[in-house]
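These are the residues of each chain, in order.
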Amino acid sequence: MTATRRRTSPLIFLMINMFIAMLGIGLIIPVLPDFLKEFQAGGKVAGYLVSAFGLTQFLFSPIAGEWSDKYGRRIMIIAGLALFAVSNLMLATATEIWHLYASRLLGGIGAAAMIPSIMAYIADITTEDNRGKGMGLLGAAMSLGFVIGPGIGGFLAEFGIRMPFYVSAAVGALSLISSLIFLSESLLLEKRLENRASRVKKENIFRQLVLSFKAPYFILLLLVFTLTFGLVNFEAIFPLFVDKKFGYTARDISILITVGALIGAVIQAALINKLIHRFGEKALVNFTFFFSAVCLVLMLFSGNFWYVLLVTLVFFTLTSIMRPAINTLLSKMAGEEQGFVAGMNNAYMSLGNIFGPALAGILLDVHVNLPYLAGALVLLFSLVLSVAWSRKNAQTEEKRERIAS
C-alpha cells in the first residue's frame, strides 16, 4: 500500500501542475480577439505570439531535458512554473506589442523547463505496462485545465479584459508553492551524479535534430511536429476564426472549447489505457490523424452553433487520444534517456508551435478558411508517414522472427 501511495502521490501533483498550466492558457482564449484589438492587431500577430512561445520552447527544450537528467525533475518543474507565472503577469500589465512578445518568449522557456521534466518524471515512476495510463492521466489533466480555463476566462472578462491574465499568473504561483512543499524528486541521487559526471559532450540543438533523423523513433518525433502543427491551426486561430467567420462572442467560444475539451479529458482519464491495450498505439495514431483532418475540413461548412460544437467535440476527442498514444510509443523507445528523449519530443512540438501559428495567422488574414485547409493537409500527410512507418516496423519484426526461428 505504501509503495502504491508513493507512486500515486507524485502523479497527482504532476497532474495538478499541468492542469494549472493549461488552465492559465485556457483562461486567455475567449478574450484573445478583444484583447488584441486593444493593440490594433489581428490574425498575423496572434500567430506570431504563439510562434514566439514555440521558438524559445524549441531552443531550450533539449537543454532542459539534459538538466533534468543531471539535476533532477523537481527543480526544472519548479523553475518552469515560476517562469510561467511571471510570463502571465507580464501579459496582464502589457501596454505595447513588444511586451506581449517578451511575455511569450519567457513563457516558452518555462514550458521547455516544465513539460519534458514532467514527462520524464512519469517515466521514472511508472512501468512500461502502466505508462500509457500515466501519460493518459497527464493528458486528461491538460485537457481538463483547457476545459475549465475558457469558461472561467469568459466569466472573468466581465470584470475586465485583463483579469484572466492576472488570475492565470496567480494560479501559476499557487502551483509553484504547492510543488515546493509537496513534490519530491523522482530521479535517484546516484543517477543524477552519474549523469553529471558523464563527459560525453551533448550536441547543440541543431546538431541533435540532425542526429535524431537517424534515430529509430525519428518518425514519432516527426509526428509530434505535424500533430502540433495541425493542432495549433485549430486552437491558436480558433477564437479569431469563429469571431471573423461566424461572429461568435467570448461566451460562445468559452462553451465550444469547454465542452469539447471536457469530453476529451473524460476519454483520456477513463479510456486511453484500455484503447491502447485493445488496439495498440499505432492503430490509434493512424485512426485519429485521419479523422482529425476530416474535422478541420468539416469546420468550414456551417456556422450553426450546434454543428460547430459537434465538430469541435469530435476533434478534441480524437486529439486527446492521439497525443498520449504517440508519447507512450516514444517513452517505450527511449530506454535510459527519458529526459533527453522527452526534451527532443518537446523540441519537435515547439517547432510545430513555431511554424503552425505563424502560417495560420498569415493565412487567416488572406482568407478565413485557409488555416484549417492547411492543417487538414498536414494531418493527412502525417497519416501517410505513420502508415509507412508502421508497415516498415512490421516487416522488420517479421524478418527478426524468421532469423530467430
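Residues numbered from 1 in each chain as written. Predicted model: local features only at pLDDT ≥ 70, side-chain atom pairs only at ≥ 80, totals over all residues. Heavy atoms only, no water.

This paragraph deals with the overall build of the protein. Counting its secondary structure elements, the protein contains 16 helices and zero strands. Residue burial in the protein is summarised as follows: out of 405 residues, 57% are buried. Here the analysis covers contacts within the protein between residues at least 6 apart in sequence; of these, 88% occur between residues at least 24 apart. Accessible area of the protein: about 17600 Å², with a carbon and sulfur share of 68%. (Helix = DSSP H or I, 4+ residues; strand = E, 2+ residues; numbered from the N terminus. Buried < 20%, exposed > 50% of the residue type's maximum accessible area, 1.4 Å probe, protein only. Contact = heavy atoms within 4.5 Å. Areas by Shrake-Rupley, 256 points an atom, 1.4 Å probe, with all protein chains shown as cover.)

Scanning all chains against the criterion turns up 11 aromatic pairs. With a centroid separation of 6.0 Å and 55 degrees between ring planes, the pair formed by F225 and F229 is classed as tilted. Linking F225 with F229, this pair stays in helix α10 (residues 218–235), spanning four residues, or about one helical turn. On the accessibility criterion, F229 (9% relative accessible area) is buried. With 5.7 Å between their ring centres and 85 degrees between their planes, F305 and W306 make a pair best called edge-to-face. With a relative accessible area of 63%, W306 lands in the exposed category. Put simply, the rings of F241, F246, Y248, F305, W306 and Y372 pair up and form one aromatic cluster. (Phe/Tyr/Trp six-rings, centres within 6.5 Å; stacked < 30°, edge-to-face > 60°.)

The subject of this paragraph is the pattern of salt bridges. Evaluation of the coordinates by the stated rule reveals four salt bridges. Of the charged contacts in the structure, one is a salt bridge between R162 and E38, with a shortest N-O distance of 3.2 Å. Of this pair, R162 sits in the loop between α6 (128–156) and α7 (163–182) while E38 sits in the loop between α2 (32–37) and α3 (43–71); the two residues are 124 residues apart in sequence, bridging distant segments of the chain. Where D69 meets R73, a salt bridge forms, and the shortest distance between an N and an O atom there is 2.8 Å. One continuous salt-bridge network, built from bridges that share partners, spans D69, R73 and D124. (Salt bridge = Lys/Arg side-chain N within 4 Å of Asp/Glu carboxyl O.)

Turning our eyes to something else, we now look at the packing of α3 against helix α5 (residues 97–125). Packing of α3 against α5 brings their axes to within 6 Å, and their N-to-C directions diverge by 35 degrees. Both α3 and α5 take part in a crossing whose hand is right-handed. Its residues placed into classes, the contact of α3 with α5 shows 17 nonpolar, seven polar and one charged. (Axes fitted to C-alpha atoms, helices over the stretch in contact; angles between N-to-C directions. Left-handed = near helix turned anticlockwise from the far one by under 90°. Nonpolar A, V, L, I, M, F, W, Y, C, P; charged D, E, K, R; others polar.)

Its location among the elements puts L91 in helix α4 (residues 73–92). What makes L91 buried here is its relative accessible area of 6%. Once the C-alpha coordinates of L91 and A169 are considered, the two residues, 78 residues apart in sequence, prove to be 9.1 Å apart.

With that settled, the discussion passes to helix α13 (residues 281–298). Between its terminal C-alpha atoms α13 stretches 26 Å, which fits the 26 Å expected from 18 residues at 1.5 Å a residue. Every buried residue of α13 is listed here: E281, L284, V285, N286, T288, F289, S292, A293, C295 and L296. (Expected span 1.5 Å × (residues − 1).)

Summarising the element assignment, T228 is placed in helix α10. Accessibility expressed as a relative area gives 2% for T228, which makes it buried. From its side chain, T228 meets the backbone oxygen of V224 in a polar contact 2.7 Å long. Not counting the four nearest positions on each side in its chain, T228 is found in contact with R323, M349, G352 and N353. (Polar contact = N/O pair within 3.5 Å; in protein donor to acceptor, adjacent residues only side chain to side chain.)

Formed by 102 residues in total, the largest nonpolar core has its most connected members in F238 and F289. It is helix α14 (residues 305–334) that provides the largest number of residues to this core, a total of 13 residues. Aside from chain neighbours lying at most four places away, what touches F289 is L223, T226, L227, M322, I326, L379, S382 and L383. (Core = buried A, V, L, I, M, F, W, Y, C linked by side-chain atoms within 4.5 Å.)

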